[in-house]
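Observations on chain architecture
Listed below are the residues making up each chain.
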Amino acid sequence: MTSLSKIYVLPLLMSLFFTGCIRDVFANIDTSSPKKPLKIVSLAPHLTEWVYSLGLGDNLLAVSDYSDFPEAAKTLPRIADYQGADIAAIITLSPDLVLAWDGGNKPQDIQKLSALGLNVFKSRITDIRDIASELIRLGELTQTQKTANALSSQFIERLDELETQFAKPELDTVFYYSWTSPLMTIGPNAWANKLLNICGAQTLFYDSPVDYPQVSVKDVLSRQPKVLIAASKSSQEALAKFWQPHRQFLHAPIITVNPDVTSRFSLRLIDELKMMCNSINP
């Protein structure tokens, strides 16, 4: 993982989040009859995916960095990154709706966009189920309620199935990490641990007072996880090479998950979650 990716992913996974509200947005957008297509700007990758999921990809004027799914999103202009939103560029585009991530985008950027009279939809995600409820909110705002309701219902149905299938009286402990230099993992309140809980598992460092602690290999060896989970795009060979010197003391298998999916609040998460659950519980 590149240093730029690290810079982006950590803020993406951390500090979940502040309260969002669409009351003011509804007050400024006429949802009674679509006279013309809404012009939309997205300030976060998961919001970009939501727009495409609702069939509104053609309405997107610009998106944030790391908006790489679906493929069409890669061709759109970039107006936000980990340093903040390009306010001037957004104003020039004159969008009808700006989609912001409350907790991921800078609060001052969101406030400035609202103060300038732009309609801002703030996405708030603190739990996996919030993906469905927030998508419904966006569907109501963009007159795609039918699609949003269907996608959300399917998402919750599949999530319920996974919870039922992998429910356990005692959670297995697994070591979840994104990179090895430094070796960092997750605490009990981190987003990824909520995913693990669906699979009947929890972070090896369930007693950590912080969400993303830095640990040592010795710490991992002493706790003996059931599985090593690498949220990484590195090859299996490269991942195995790091642990090879310690295999005399550590026999946990390595499984990989796509960090672009597990750290993103998109509908694709449910497929990656199912794969991870099956890998933890073969």
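Residues numbered from 1 in each chain as written. Predicted model: local features only at pLDDT ≥ 70, side-chain atom pairs only at ≥ 80, totals over all residues. Heavy atoms only, no water.

**Notes on the sheet that holds strand 9 (residues 227-231)**
Pairing is parallel in the open sheet, where four strands are placed in the order 8-7-9-10. Here the strands that pair on one side only, and so sit at the sheet edges, are strand 8 (201-203) and strand 10 (254-257). Strand-to-strand twist in this sheet, taken as the mean axis angle between neighbours without regard to direction, amounts to 35°. Where strand 7 (residues 172-177) lies against strand 9, four bridges are found, and the strand directions are parallel. What sits directly across from Tyr176, in strand 9, is Ile229. (Pairing = 2+ DSSP bridges. Helix = DSSP H or I, 4+ residues; strand = E, 2+ residues; numbered from the N terminus. Axes fitted to C-alpha atoms, helices over the stretch in contact; angles between N-to-C directions.)

**What about the packing of aromatic side chains?**
How two aromatic rings sit relative to each other is set out by the distance from centre to centre and by the angle between their planes. Under the criterion given, the structure shown has seven aromatic pairs. A cation sits over an aromatic face here: Arg268 above Phe69, 3.9 Å from the ring centre. (Phe/Tyr/Trp six-rings, centres within 6.5 Å; stacked < 30°, edge-to-face > 60°. Lys NZ or Arg CZ within 6 Å of the ring centre and 35° of its normal.)

**Some thoughts on the side chain of Thr144**
As for its placement among the helices and strands, Thr144 is situated in the loop between helix 6 (130-141) and helix 7 (145-165). A residue is classified by how much of its surface remains accessible, and Thr144, at 11% relative accessible area, is buried. Aside from chain neighbours lying at most four places away, what touches Thr144 is Leu54, Leu56 and Gly139. (Buried < 20%, exposed > 50% of the residue type's maximum accessible area, 1.4 Å probe, protein only. Contact = heavy atoms within 4.5 Å.)

**Some thoughts on the environment of Tyr52**
Assignment of secondary structure puts Tyr52 in helix 3 (residues 45-53). When the C-alpha positions of Tyr52 and Pro70 are compared, they lie 7.6 Å apart, and in sequence the two are 18 residues distant. When near neighbours in sequence (up to four residues on either side) are disregarded, Tyr52 contacts Gly57, Leu60, Pro70, Ala72, Ala73 and Leu76.

**Things to note about the state of the cysteines**
In the structure shown here, the tally under the stated rule is one disulfide. Cys199 shares a disulfide with Cys277; S-S distance 2.0 Å. Taking the torsion about the S-S bond as the criterion, the Cys199 to Cys277 disulfide, at about -75°, is left-handed. Pair noted here: Cys199 is in the loop between helix 8 (191-198) and strand 8 and Cys277 is in helix 12 (residues 269-280), with a separation of 78 residues, a long-range link. On the basis of relative accessible area, Cys199 is assigned to the buried category, the value being 0%. Residue classification places Cys277 among the buried residues on the basis of a relative accessible area of 0%. (Disulfide = S-S within 2.5 Å.)

**A short note on the packing of helix 8 against helix 12**
Relative to each other, helix 8 and helix 12 sit at 60°, their axes nearing to 9 Å. By the angle between their axes, helix 8 is oblique relative to helix 12. Seen along the crossing, helix 8 lies across helix 12 with a hand that is right-handed. Residues Trp191, Leu195, Leu196 and Ile198 of helix 8 form the contact with helix 12, whose own contacting residues are Leu269, Leu273, Met276, Cys277 and Ile280. Across the contact of helix 8 with helix 12, the residue classes break down as nine nonpolar, no polar and no charged. (Parallel < 35°, antiparallel > 145°, perpendicular 65-115°, else oblique. Left-handed = near helix turned anticlockwise from the far one by under 90°. Nonpolar A, V, L, I, M, F, W, Y, C, P; charged D, E, K, R; others polar.)

**Here we look at the confidence of the model for the chain**
Per-chain confidence: the chain averages 89 in pLDDT, with 87% of residues scoring 70 or above. Below pLDDT 50 for its whole length, residues 1-24 participates in 52 contacts with residues either more than four positions away or in separate chains. (pLDDT = per-residue confidence, 0-100.)

**Some thoughts on unusual backbone geometry**
Residues Phe69 and Pro70 are joined by a peptide bond in cis, for which omega reads -5°. Position of Pro70 relative to the elements: it lies in the loop between strand 2 (60-64) and strand 3 (78-81). Look at the link from Ser181 to Pro182: it is a cis peptide, with omega at 0°. Within the secondary structure, Pro182 sits in the loop between strand 7 and helix 8. Positive phi, normally seen in glycine, also occurs at Gln143, with a value near 60°.

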